[in-house]
Amino acid sequence: MRKIIHLDMDCFFAAVEMRDNPAYQNMPIAVGGQGRRSVLCTCNYPARQFGVRSAMPNHQALQLCPTLIILPIRMQDYRDVSKKVFSILHRYTPLVEVVSIDEAYLDVTNCPLNGGSATYIANAIRHDIYQETQLTASAGVAPNKFLAKIASDENKPNGQFVITPETLHEFVRTLPLEKIPGVGKATIEKLHQLGLYTGQDAIDYGETALTARFGKFGQLIFERAQGIDNREIVLYRERKSIGVEKTLIENIIGFPDCWQTLKSLTPELQRRIAQKKAFNRIKKLGVKIKFADFTQTTVEQQAVGLDMGVFQALLEKGLARDRTQAVRLIGIHVGLETINQEQQLRLPLEQTTSE
Amino acid sequence: MKFTILRDDFLKPLNMVCGAVERKSTQPILSNVLLKAQDGTLQLTGTDLEIELVASAVLSQIEAPGQVTVPAKKLLDIIKSLPEGCDIQFELQAESAVIRSGRSRFSLSSLPAENYPNLDDWSAEFEFSLSRLSLRQLIESTQFSMANQDVRYYLNGLFFEVEGSTLRTVATDGHRLALDELTMSQTASSNKQIIVPRKGVLEVLRLLESDDEQVQFQIGKGHIRIVDTSFIFTSKLVDGRFPDYRRVLPRQGDKEVVASRELLKSAFVRASILSNEKFRGVRLNLNSGIHELTITANNPEQEQAEDVVELVQYVGGELEVGFNVGYLLDVLNTIRADEVKLTLSDSNSSALIESMDESQAMYVVMPMRL
């Protein structure tokens, strides 16, 4: 059995703000974009008491909690703290999978520290994090990634939960199926219609029946319901795309305005590609459009290097999918070739492909 | 329309023009060949609207002149399968083309010749003649580097450049580039730069013999034509700007390897066996003062090949650089000289490969990061 820890910083952005300004400690605060149409990145526990949640549009959050303070995003500061946190994790094991700025998996199966106990290691890590950043983290300890992830949520904030090989069976037997990552609103509704609520229900229903109903995903539900997850820790996640998008202050309609907006995004896209040294890996260009009713469409085309002609054609194509609606968001992105250990270099035929 | 022709006289030109005809076509008539019987000869035409091939055959007898189009592939299969040396009688009866030979009889569908598409009218702006062999070698030495179905459509073809009395071909797929040139007997008053589509280039290679007989090469605004005694090839040009090949010819190379082409080639072939099947990377190692090239290859199964090639000469310092072995072998298979010269600079810069004879050909290959 492996020993996996899922570590999750508690309300990360908001926690950094409270640390740097203790006056916020007991006030409902959130961090997010300042625009009228922005959404929250995260919020603290006092805000959550009002029903405020991350990813909630600002105006909705303010309706629920009129005293909510929405602070601007200080990404560079959060990144610095995150770096510190990850350096702590690496003291315990090199097997750290970065999930996001504030979330990671660790494989401590062969970690000799703290007597080799994953529970003690998780405790020690959280202790170190608090000592060195004054921020709290929650941890889940389990024999695999999906259970560790569920476990880290059990005693949040500033707590941890352990699923041992002995308690695993009982834990998944009573596990509500919606806790399985990937089971969203639509799937859980279907599962409930079939009378399936817990892991035990799914096992009783049977693999064949689940697969017949949900395809490959049914098989995954069946595995998870038995507490099985064989996914390894992924040490390096390769960037597959680089993109920039913009929610507009006012919805716009028609090609000329959309084109102006798109063009205004390209310098930032260029900057980000340059920063990642990825000009040579561009293999496709894409345009994303979100319409007033929040439906969205993405159009992509193969390309080598940035080509405004391609973006123009893609924008036209994307807008043509719904001419009746105003546009609330425009994004552009480049798809990147995977970095292989063996990478063929390109001749500098075009200016744009040379760095 | 009715004529008699020897099977063997019919087969060769038919085979030639069928190369232009697409298997699957949007218009039914484009799957057909056009046959025109007149004055004792049969003229055959095949086209895909981009290229057009015309060839002719001597008729044994012509009872009634005329013209018609019939399915190319079926006609070719029929003629091919008839015994060598036999007579074939072709006759148009109402809408059917009837083919008889010995006790065999075929009735093929036809479409009227009037509907067969013509390439637009054009006129030559520059025209010169050269031997079949010279043209063939000029194309052969570069065509393998053409891109295939690249989004940069202008790379899916062979670039011809006329500059004074120099005729040059350049091909590149973005990873490697091949360039060759020859001196024409004429001098052009103005420079010409054209891109011949990939399919046309491959067709010309299929048709062109390697002897001293002369062919006419005609360049127009949007077309080229090659007039050979046995066929006339016409192609539309790719409408696009070919990248400036001069920019990518390496000039910084300070390391020069001279080696036997044969030795180098066989060592690369051996090393390639254990290179990654998909990426085909091999590693080249050179050391100053040592006239040896070490080639190594690894695959994901952790197997390894190592081969050491004695060099004729090495001038330069230490270097480790990776290449797609397929690209190197393509070049070594194309060069005809006994010895080749590789000019290198560092592991991120292109290599220049040239033959040690009088050939003007230059091959540029970008390395791989291994």
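For the structure, see preceding data.
Predicted, not measured: the structure shown is a model, and the values here were computed from it.

1. Quick notes on the overall build of chain A
Right, on to step 1. Of regular secondary structure, chain A possesses 13 helices and 13 strands.
Right, on to step 2. Of all 355 residues assigned to chain A, the portion counted as buried reaches 46%.
Right, on to step 3. Sequence separation of at least 24 residues holds for 62% of the intrachain contacts in chain A that already meet a minimum separation of 6.
Right, on to step 4. Counting only carbon and sulfur atoms, one obtains 52% of the accessible surface of chain A, whose full area is about 17800 Å².

2. A word on the sheet that holds strand β4 (residues 51-58) of chain B
Consider a sheet: its strands pair through backbone hydrogen bonds, and that pairing is either parallel or antiparallel.
Residues and elements named next belong to chain B.
Right, on to step 1. Spatial strand order, β6-β2-β3-β4-β17-β16-β15-β10: 8 strands in an open sheet with antiparallel pairing. Two strands lie at the open edges of the sheet, namely β6 (66-71) and β10 (126-131), each paired on one side alone. The average angle at which neighbouring strand axes cross in this sheet is 15 degrees, direction not considered.
Right, on to step 2. Summarising the sheet, strand β15 (residues 214-219) and strand β16 (residues 223-227) pair through 4 bridges and their orientation is antiparallel. Directly across from Q218, in β16, lies its bridge partner R225.
Right, on to step 3. Strands β10, β15 and β16 of the sheet are contacted by helix α3 (residues 132-143), whose axis makes an angle of about 100 degrees with β10.

3. Thoughts on the pattern of salt bridges
Residue and element names in this part refer to chain A.
Right, on to step 1. Counted by the stated rule, this structure contains 44 salt bridges over all chains.
Right, on to step 2. For K149, the salt bridge is made with E103, and the minimal N-O distance between the two is 2.7 Å. Here K149 is found in helix α6 (residues 145-152), whereas its partner E103 is found in strand β6 (residues 103-107), with 46 residues between them in sequence.
Right, on to step 3. Given the relative accessible area of 32%, K149 is considered partly exposed.
Right, on to step 4. Judged by its relative accessible area of 12%, E103 falls in the buried class.

4. Some points on the sheet that holds strand β2 (residues 29-32) of chain A
All names here are of chain A.
Right, on to step 1. The strand order across the open sheet built from 3 strands is β3-β2-β4, with neighbouring strands paired in mixed fashion. Because the sheet does not close on itself, it has two edges, and the strands there are β3 (40-43) and β4 (69-71). Direction aside, neighbouring strands of the sheet carry axes that sit 30 degrees apart on average.
Right, on to step 2. Pairing between β2 and β4: 3 bridges, direction parallel. Bridge assignment links A30 to a residue of β4, and that residue is I70.
Right, on to step 3. Running over the sheet, helix α1 (residues 12-20) touches β2, β3 and β4 and is turned about 120 degrees from β2.

5. Some thoughts on the nonpolar core
Residues and elements named next belong to chain B.
Right, on to step 1. Judged by nonpolar contacts, the single largest core of 65 residues is most densely connected at V33, L42 and L75.
Right, on to step 2. Broken down by element, this core gets its largest block of residues, 6 residues, from helix α1 (residues 7-18).
Right, on to step 3. Among all residues touching V33, those that are not within four sequence positions of it are L14, V17, C18, V21, T45, V68, T69, V70, A72, L75 and Y116.

6. Some thoughts on a positive patch on the surface
Right, on to step 1. Residues R79, K83, R239 and K276 of chain A make up a contiguous surface patch of positive charge.
Right, on to step 2. You can see K83 of chain A is positioned in helix α4 (residues 75-92).

7. Focus: the packing of aromatic side chains
Right, on to step 1. Within the structure shown, the criterion is met by 13 aromatic pairs over all chains.
Right, on to step 2. Between F12 of chain A and F13 of chain A the ring centres are 5.8 Å apart and the planes differ by 55 degrees, which places this aromatic pair in the tilted class.
Right, on to step 3. According to the relative accessible area criterion, F12 of chain A is buried, its value standing at 2%.
Right, on to step 4. Residue classification places F13 of chain A among the buried positions, given a relative accessible area of 11%.
Right, on to step 5. Each residue in the set F126, F128, F160 and F217 of chain B is aromatic and connected to the rest through ring pairs, giving one cluster.
Right, on to step 6. Directly above the aromatic system of Y45 of chain A lies the positively charged group of R48 of chain A, at a separation of 4.8 Å from the ring centroid.
Right, on to step 7. A cation over an aromatic ring shows up here: K145 of chain A above the ring of Y105 of chain A, its NZ or CZ 5.1 Å from the ring centre.

8. Describing unusual backbone geometry
All names here are of chain A.
Right, on to step 1. Residue P157 is bonded to the preceding K156 through a cis peptide linkage, with omega at -10 degrees.
Right, on to step 2. Mapped onto the elements, P157 comes out in the loop between α6 and β8 (160-162).
Right, on to step 3. Of note, Q134 is a non-glycine position whose phi angle comes to about 55 degrees, a positive value.
Right, on to step 4. Relative to the assigned elements, Q134 resides in the loop between α5 (118-133) and β7 (137-142).

9. Let's talk about the interface of chain B and chain A
Right, on to step 1. Opposite the 27 residues of chain B that make contact, chain A presents 15 residues.
Right, on to step 2. Between the two partners, chain B and chain A, sit 6 residue pairs in polar contact (both at pLDDT 80 or more).
Right, on to step 3. For the side of chain B that touches chain A, the secondary structure elements donating two or more residues are β13 (176-183) and β27 (368-369) of chain B.
Right, on to step 4. Considered class by class, the residues forming the side of chain B that touches chain A number 13 nonpolar, 9 polar and 5 charged.
Right, on to step 5. Looking at chain direction, strand β13 (residues 343-344) of chain A and β27 of chain B are connected through 2 bridges and run antiparallel. Residue pairing in the sheet places Q344 of chain A in a bridge with M368 of chain B of β27 of chain B.

The rules we used
- Chains are numbered independently. Their residues run from 1 in the order of the written sequence.
- Here the convention is simple: chains get letters from A, ligands get numbers from 1, in the order in which they are written.
- Local features in a predicted model are, by the rule used here, given only for residues with pLDDT of at least 70; side-chain atom pairs are given and counted only at 80 or more, and totals for whole chains, interfaces and linings are based on all residues.
- With hydrogens and water set aside, each side-chain value is computed from the structure's full complement of heavy atoms.
- Starting at the N terminus, helices and strands are each numbered in turn, a helix being any DSSP run of H or I of at least four residues and a strand any DSSP run of E of at least two.
- Residue burial is assigned from relative accessible area. The probe radius is 1.4 Å, only protein chains are included, and a residue is buried under 20% of its type maximum, exposed over 50%, and partly exposed in between.
- Contacts: residue pairs with any heavy atoms within 4.5 Å of one another.
- In these tables, accessible area is a Shrake-Rupley quantity obtained with a 1.4 Å probe, and a residue counts as shielded only by the protein chains included in the view.
- Pairs of strands are assigned from DSSP output, requiring at least two bridges between the strands.
- Note on geometry: axes are C-alpha line fits, over the in-contact stretch for helices, and angles between N-to-C directions span 0 to 180 degrees.
- The term salt bridge refers to a pairing of a side-chain nitrogen on Lys or Arg with a carboxyl oxygen on Asp or Glu at a separation within 4 Å.
- Each nonpolar core is a collection of buried residues, namely Ala, Val, Leu, Ile, Met, Phe, Trp, Tyr and Cys, held together in the definition by side-chain atoms within 4.5 Å.
- Here, patches come from residues exposed beyond 30% relative accessible area and free of salt bridges, joined within 9 Å for like charges and within 5 Å for nonpolar side chains (Val, Leu, Ile, Met, Phe, Trp, Tyr).
- None of His or the chain ends enter the tally, which takes Lys and Arg as positive and Asp and Glu as negative.
- All charge positions are set by atom: Lys at NZ, Arg at CZ, Asp at CG, Glu at CD.
- Pairing of aromatic rings covers Phe, Tyr and Trp, the last through its six-membered ring, and needs centres within 6.5 Å; plane angles under 30 degrees mean stacked, over 60 mean edge-to-face, and all others mean tilted.
- Put simply, a charge is over a ring when the Lys NZ or the Arg CZ is close to the ring centre, within 6 Å, and near the line of the ring normal, within 35 degrees.
- Polar contact is the term for a pair of N or O atoms within 3.5 Å; when the atoms are in protein, one must be able to donate a hydrogen and the other to accept it, and sequence-neighboring residues count only if both atoms are side-chain atoms.
- Amino acid classes used here: Ala, Val, Leu, Ile, Met, Phe, Trp, Tyr, Cys and Pro are nonpolar; Asp, Glu, Lys and Arg are charged; the rest, including Gly, are polar.

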